[in-house]
Structure formats: C-alpha cells, structure tokens
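One letter stands for each residue in the lines below.
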Amino acid sequence: MSDAETAPPATLVIFGALGDLTKRLLVPALANLQREGLLADDTTLLGVSYHDSDDAQLVDVLDEFVENDAGWDALKPKVHYLKGDFTDPAAYQAIADKVKGNAVFYLATAPGFFGTIVDRLGEAGLLDQKDGFRRVVIEKPFGTDLASAQALNKQILARGGEDQFYRIDHFLGKETVQNIMVARFGNALLEAVWNNRYVDHVQITAAETVTVGTRGKFYDATGALRDMVPNHLFQLLAMIGMEPPNSSDAEAIRTEKAKLIAAVRPIAPEDAARGRYQAGTIGDETVPAYREESDVAPDSRTETYVALKLAVETWRWTGVPFYLRTGKGLTARDTEIVVQFREVPVALFPRDDALPPNRLVLQIQPQEGISLAFVAKKPGPLMETAPVSMDFRYADAFEMGHRTGYETLLYDVLIGDQTLFQRADQIEGGWRAVQPVLDAWAAEGEPEGYAAGSAGPASADALLERDARAWHALS
Ligand code: BG6
C-alpha cells in the first residue's frame, strides 16, 4: 500500500465506539493509515455509543491501545464523541448535524443493531449521496441462518444501493489471503494444474488454540459453524476455487466468487462432524471444559469445532472434495489451505509405501508462506526416493510490519473499492450451503468431546478416513 494515494476526506462514524473491535483493531488501523499519509487532512472520527463520555475520555480509552504512535498523535485532535442510543431517531439527528459531505458509518455493534441502524440512517437522510458518498460497513455475523441473512439484506437494500454496503470479512484483509489470487492468476504454472484432472482434494483449516474466553455470551449462541464457516472459510474456498475473473474490477471478482459459492452443494448432515472441547492442557495452560466457561450454559449443545466435506459442482471441481475444519482450544494456531494433487499414474520407483503425492500448502497464519511437497532421489547408488519441500516464507521476502488487517479494508471503503467485501449473494450462498447442517444439529444430537489441546474430535478424522484420506497435521 506504500504507493497508494491519500484517500478522500470523510467523517468516519463508528457505532460502538467504546467496544473491543474499535479499540483493538479499528483505531490502531486508522493510526497506521494516518502515519502512512493515506488519510486526508480533514478526515474526522465520530465515535457513537450509549455510555456517558466525551471527546477527551474517548481519546483516553483509545490511548491505551495505540499509545506512542505518531499516526495516533496526529489523529487524536480529530476524534469526537457523541452519546446516543442506536435505536433513537434523535441520535441520528445529532449525527446529521455533525456530518456533511462524505461519510462512512461503521457498525461495530452487536449484530442485533445492524438492521435498525441502517433504517435510522436512512430515515434521517444520512444515506442520501447528494453531497458526497455515504457508505455503511457491516461487521459479522451477517444473519444467523439463510432466512435471517436474506431478511437483513432486504432491509438494508431498501435504504441504499449494494454499492453503499461493505459487508466486512476480516480474513480478506489478511495479506496472505489476498495473495491466493496472485498465486493463482499471476503464475501460469499453478493454474495449469488447478482442476479435477490433477487435484485429488483440498483441505481448508482454521485451527485456534484460543478458547471461548470472555466471549461466552456471543459464542454460546453462535457456535463454530456460524462463527467461521459461511463467512471466513467460504471466502477462502471462493479464492481457491473461483474461475479467473475477466478483469481486476471488483464486480468481476465478486461475481466469480459468488458463482463458486453458489456451486457448493447444500451440505448433507452426514458430511459434517462437530466437537466441543473438554478440559485439557494447551501449551502449559490448563483449560476448563467449554461447558464450565463463564456465560456458557451448563447444558449447552453448542459446538466449538466443525469439520465438513463439500462438493463443488463446477466443470473444474466436480469429483474433488473440499474438506473444511475449524475449532477452538486445539493443539496449534494454524490457518492453511492444502491442495493435494493426485498420485502419479505409474509408480516407477520402488518404495515400501506409496510415493507421497505433491501437496501445495498455502500457510495463511502464522508464519505466512507457500510450500510445495514433492519427491526427490536420495543420493547413493540405489534409486531411492524421499519427500522434500520447497518453501517460500513471506517474512524472508518482504517486510511484514505490524498491521491489523483492517488497514486495507478501511482504506478500500474510503476509496470505494468493494473487491474485498462480501456481496449479498455471496453471504446468502454461504448460508444456503450450511443450512441443512444447522437444521440437523438444532434438531438433535450433541457435539463429540475432544480434549483441549488435541487436534479435534475423532468423528472429524472419520470423515476423511471413510474416503481413505487424512487431515494434514496441525503445526
Ligand atoms: C472471528 C471469530 O471472526 O475470527 C473468532 O468471531 C475467531 O471466533 C476469529 O477467533 C479468528 O480470526 P483470526 O484473524 O484471529 O484468525
């Protein structure tokens, strides 16, 4: 982003100004943009929340998260606070008095407020673009199932055009996620074998060591499937599986991603496994069982782990299973995509076991990079083979810096680039695919226990074993 131009000036109105997201991610990202000279001089920030506070107090609260930062020092005088109830039309009149010209409304609130805030903004004329752009950034989760996502899309799109709504998925702000497109469409080598003739299967993993922590209230009502799959994991799936767009235009890319998501066959409950962590040890930390965490119901049926097998019905992918898994309280933090290629048609070289197939691993986090596993001859008179790997590490080639991932996303909202945001059809496509599993799990059954600090429940392993495959080890 170093060659990027300064974004147009705007008032950034953040609903949920005192919340975690604002403190930990949004304001530090804005400070980074400011330091890099990417925010226009007359950019202002208006924090809205229902607490009693004022400009100075808001700056004080934020200070703790971005202190000693040159960008933040420059931004501080532009920070203002407005006390307001998100449901009260009077709050929006107060906002309208302060906002002229370009404005971005960032909904860093509980999801229950998304629709109401957009309605109130619309009623107050704040989405009217006659004096400048008016854009709304909506956090996740966007709906809790297909019907609620459709209803929310309908509600917001009655107040403005699709080009005014930026449905955020912070995975798309990660450099290595954006690099998937460059790896695929900037390198002829990969694209040539990127299909069901050469690829055996794909694994998409987002494993976390963190447990539910202080988020029990949100998480117990949500679960791993809703929290991670139709949004984050499906965005990775779309990046890996989409057809080449016919230009780098945001709509061309979003259309290809939406087409891929629409081609995912609704997932049969027998192609899904769910787990819930039990007490265990992660590193040197002892972790209580999920049901004993604070704000979690003792008889909760919420899953903290999910594994799925997906069929993508396109010419490119029919016959290639995509296995997805994500969970909390696991043995390692590991977000990666493994593309496993088919075995060679004839095994020319004797081995006790089969030659290991080529495997391309796109490591999203931590230790971002790409590695390719292949087979080489062992030195010596005998024709013996051994698995080896070629490794590219981002950190060896580039200065990664300390970015939150929100810099690019916020900058893109200001310049009006929707490439990295989810369109209505992508969101609904994700929910449509997982809906049969949501329904089946709501009706009956329980997640299978797995020890905190392990690799997940046995039923997730069985999902692959039944296809004579195995998960790539978490590391
Ligand atoms: C969030 C989920 O969207 O993504 C969290 O709500 C999860 O439960 C987080 O921990 C993972 O994001 P990251 O960037 O830490 O991989």
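About the thresholds
Residues numbered from 1 in each chain as written. Predicted model: local features only at pLDDT ≥ 70, side-chain atom pairs only at ≥ 80, totals over all residues. Heavy atoms only, no water. Patch = residues over 30% accessible without salt bridge, like charges linked within 9 Å, V, L, I, M, F, W, Y side chains within 5 Å. Areas by Shrake-Rupley, 256 points an atom, 1.4 Å probe, with all protein chains shown as cover. Salt bridge = Lys/Arg side-chain N within 4 Å of Asp/Glu carboxyl O. Helix = DSSP H or I, 4+ residues; strand = E, 2+ residues; numbered from the N terminus. Buried < 20%, exposed > 50% of the residue type's maximum accessible area, 1.4 Å probe, protein only. Core = buried A, V, L, I, M, F, W, Y, C linked by side-chain atoms within 4.5 Å. Domains from an automatic or database assignment. Contact = heavy atoms within 4.5 Å. Near = heavy atom within 4 Å. Polar contact = N/O pair within 3.5 Å; in protein donor to acceptor, adjacent residues only side chain to side chain. Phe/Tyr/Trp six-rings, centres within 6.5 Å; stacked < 30°, edge-to-face > 60°. Lys NZ or Arg CZ within 6 Å of the ring centre and 35° of its normal. Expected span 1.5 Å × (residues − 1). Bend = angle between axes of the 7 residues up to and from the residue.

Structural notes on a nonpolar patch on the surface
Stage number 1. Taken together, the side chains of V346, L348, F349 and M383 define a hydrophobic patch exposed on the protein surface, amounting to about 410 Å² of accessible area.
Stage number 2. Mapped onto the fold, M383 is located in the loop between β15 (369-377) and β16 (385-393).
Stage number 3. Given a relative accessible area of 44%, M383 falls into the partly exposed group.

Here we look at the nonpolar core
Stage number 1. Membership of the largest hydrophobic core comes to 140 residues, with the highest contact counts inside it found for F15, F105, Y106, F234, F322 and I337.
Stage number 2. A per-element tally of this core places helix α10 (residues 223-241) first, with 11 residues.
Stage number 3. Taken domain by domain, this core gets at least three of its residues from each of domain 1 (11-139) and domain 2 (172-401 + 422-465).
Stage number 4. F105 has contacts with V13, F15, I95, L121, L126, L127, R134, R135, V136 and V137, leaving out every residue within four places of it along the chain.

So, the domain arrangement of the chain
Stage number 1. Segmentation of the chain into domains returns domain 1 (11-139) and domain 2 (172-401 + 422-465).
Stage number 2. Of note, the centres of domain 1 and domain 2, computed from C-alpha atoms alone, are 34 Å apart.

Some remarks on the pattern of salt bridges
Stage number 1. Summed over all chains, the structure comprises 25 salt bridges.
Stage number 2. Taking the shortest distance from any N to any O, the salt bridge between K130 and D128 comes out at 3.8 Å.
Stage number 3. The exposed category is assigned to K130, whose relative accessible area is 66%.
Stage number 4. Put simply, E256 and K259 hold a salt bridge, and the shortest N to O gap is 3.3 Å.

Quick look at the site of the ligand
Stage number 1. Inspection of the region around the ligand gives K140, H170, F171, K174, E208, R215, D227, M228, H232, K328, R333 and Q365 as its neighbouring residues.
Stage number 2. Contacts to the ligand include R215, whose side-chain N or O atom sits 2.8 Å from an oxygen atom.
Stage number 3. Contact distances for the ligand include 2.6 Å between an oxygen atom and a side-chain N or O atom of Q365.
Stage number 4. The fraction of the free accessible surface of the ligand (390 Å²) that becomes covered by protein chains is 80%.

Here's the deal with unusual backbone geometry
With the exception of glycine, most residues fall at negative phi, and the peptide bonds are largely trans.
Stage number 1. The linkage connecting K140 with the following residue, P141, adopts the cis geometry, with an omega of -5°.
Stage number 2. With respect to the helices and strands, the residue P141 is situated in the loop between β5 (134-138) and α6 (146-157).
Stage number 3. Even without being glycine, D295 reaches a positive phi, approximately 65°.
Stage number 4. Inspection of the secondary structure assignment puts D295 in the loop between β10 (285-287) and β11 (305-310).
Stage number 5. The exposure class assigned to D295 is exposed, which follows from its relative accessible area of 52%.
Stage number 6. The phi dihedral of A468 falls on the positive side, at around 55°, and the residue is not glycine.
Stage number 7. On the secondary structure map, A468 appears in the segment after α15 (458-465).

Things to note about the packing of aromatic side chains
Stage number 1. Per the counting criterion, the structure on display carries 11 aromatic pairs.
Stage number 2. Look at F86 and F113: their rings are 5.2 Å apart centre to centre, the planes differ by 90°, and that puts the pair in the edge-to-face class. Taken together, the residues span a long stretch of sequence, with F86 in the loop between β3 (79-83) and α4 (89-98) and F113 in the loop between β4 (103-107) and α5 (114-123) at a distance of 27 residues.
Stage number 3. A relative accessible area of 6% means that F86 is categorised as buried.
Stage number 4. The exposure class assigned to F113 is partly exposed, which follows from its relative accessible area of 28%.
Stage number 5. Look at Y166 and F421: their rings are 5.0 Å apart centre to centre, the planes differ by 75°, and that puts the pair in the edge-to-face class. Taken together, the residues Y166 in strand β6 (residues 165-167) and F421 in the loop between α13 (406-415) and α14 (424-443) connect sequence positions 255 residues apart. For the pair Y166 and F421, a shared accessibility class is recorded, and that class is buried.
Stage number 6. Here R135 stacks its cationic end above the ring of F133, 3.6 Å away from the centre of that ring.

Here's the deal with helix α1 (residues 20-35)
Stage number 1. Relative to the 22 Å expected for 16 residues at 1.5 Å per residue, α1 spans 22 Å between its end C-alpha atoms, a close match to the ideal helical length.
Stage number 2. Bending of α1 peaks at approximately 30° at the position of L26, with proline P28 no more than four residues after it.
Stage number 3. Extensive coverage of α1 is indicated by the burial of 12 of its 16 residues.
Stage number 4. Residues L21, T22, K23, L26, V27, P28, A29, L30, A31, N32, L33 and Q34 constitute the buried set of α1.

Overview of α6
Stage number 1. End to end, α6 covers 16 Å across 12 residues, agreeing with the expected 16 Å (1.5 Å per residue, within 8%).
Stage number 2. Contacts from the buried residues of α6 go to α5, β5, β6 and α14.

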